[in-house]
Amino acid sequence: MKTALTLDLEKTLYQYWQEQGAAVVEEVTMPDDAGIVDTLVLETAPDGAKTWRCFELKVTKADFHSHAKLSFIGHYNYFVLPYKLYTQLKAEIPAQIGVLTYQPFDKKALAASTIPITTPGQLTISKPAKYQALQVPDAALTARFIGSLNREVVKAKQVEKGLDRYHSDQLYQALKKRTENYQLYQPEANFYDRFVDELHDDTIEALQEEVDALTAEIARLKLDRLS
């Protein structure tokens, strides 16, 4: 599970490169057992030249020192760190690896802002990255990048389709799970009760419409017999 801070870094990094006109996607599995890039950015020049940037997001010392593989396979490679963590780890950053540091916006300032703020904080290039040759073939990297973008499109479409894509049995099981913490004295807080109440109201409304239609039809037949 990603921490709230990790999600804040991820969101801010995504927005940062979107504003630069680059293509961005998270969690891209590399070929040849080269690990998973936390965030992969593709910049394409007017002449078609590609620049690949890889980012590893770390929010604690333990995270930084973990044995997880670092997928620094791009032309430019970076750590994304909270500023305070960077000051503690500065001496351990390899010479060729860049660092973007994150600082959250003040919550009171955000609340008082008169313009929409789309990220929870800001990024600063505290250490530039040095260029290196790609560590995996460009074609393979492009294919993985497109595959990850497609994964995100599928997820977005699933959200857009909502519950329609789920089988009734799946919906039933999800509903059943929500009864585990059933609020006996607060039925309005229970999803099941709300669903039943709405279903009941909808059923009554539908039946009333049928009764009204039948009443109208009976009245018409009576008039026809009298005429």
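Everything that follows concerns the structure shown earlier in this document.
Residues numbered from 1 in each chain as written. Predicted model: local features only at pLDDT ≥ 70, side-chain atom pairs only at ≥ 80, totals over all residues. Heavy atoms only, no water.

**Here's the deal with helix 1 (residues 4–19)**
Step number 1: With 16 residues, helix 1 ought to run about 22 Å at 1.5 Å a step, and its terminal C-alpha atoms sit 23 Å apart, in line with that.
Step number 2: Buried residues of helix 1: Thr6, Leu9, Glu10, Thr12, Leu13 and Trp17, and no others.
Step number 3: Gly21 sits one or two residues past helix 1 and shows a positive phi near 80 degrees. (Helix = DSSP H or I, 4+ residues; strand = E, 2+ residues; numbered from the N terminus. Expected span 1.5 Å × (residues − 1). Buried < 20%, exposed > 50% of the residue type's maximum accessible area, 1.4 Å probe, protein only.)

**A word on the side chain of Thr6**
Step number 1: Structurally, Thr6 is set in helix 1.
Step number 2: Residue Thr6 is classed as buried on the basis of its relative accessible area, which comes to 14%.
Step number 3: Of note is the side chain of Thr6, whose polar atom sits 2.8 Å from the side chain of Thr3.
Step number 4: Setting aside chain neighbours within four positions, we find Thr6 in contact with Leu57 and Val59. (Polar contact = N/O pair within 3.5 Å; in protein donor to acceptor, adjacent residues only side chain to side chain. Contact = heavy atoms within 4.5 Å.)

**Focus on the nonpolar core**
Step number 1: Leu13, Trp17, Phe55, Val80 and Leu100 are the most contacted members of the largest nonpolar core, which totals 15 residues.
Step number 2: Taken together, the elements giving at least two residues each to this core come down to helix 1, strand 3 (50–57), strand 4 (76–82) and strand 5 (98–104).
Step number 3: In terms of residues, this core owes the most to one element, helix 1, which gives three residues. (Core = buried A, V, L, I, M, F, W, Y, C linked by side-chain atoms within 4.5 Å.)

**Considering the pattern of salt bridges**
Step number 1: Counted under the stated rule, the structure contains five salt bridges.
Step number 2: Linking Glu43 and Arg53 is a salt bridge whose minimum nitrogen-to-oxygen distance equals 2.5 Å. One end of the pair, Glu43, is in strand 2 (residues 36–44); the other, Arg53, is in strand 3, with 10 residues separating them in the sequence.
Step number 3: Between Glu152 and Lys155 there is a salt bridge; the shortest N-O distance is 3.3 Å. In this pair, Glu152 and Lys155 are both assigned in helix 5 (residues 138–161), three residues apart and thus about one turn of the helix distant.
Step number 4: Taking the relative accessible area as the measure of exposure, Glu152 reaches 26% and is therefore partly exposed.
Step number 5: Because the salt bridges share partners, they merge into one network encompassing Arg151, Glu152 and Lys155. (Salt bridge = Lys/Arg side-chain N within 4 Å of Asp/Glu carboxyl O.)

Honestly, it's all geometry; don't read function into it.
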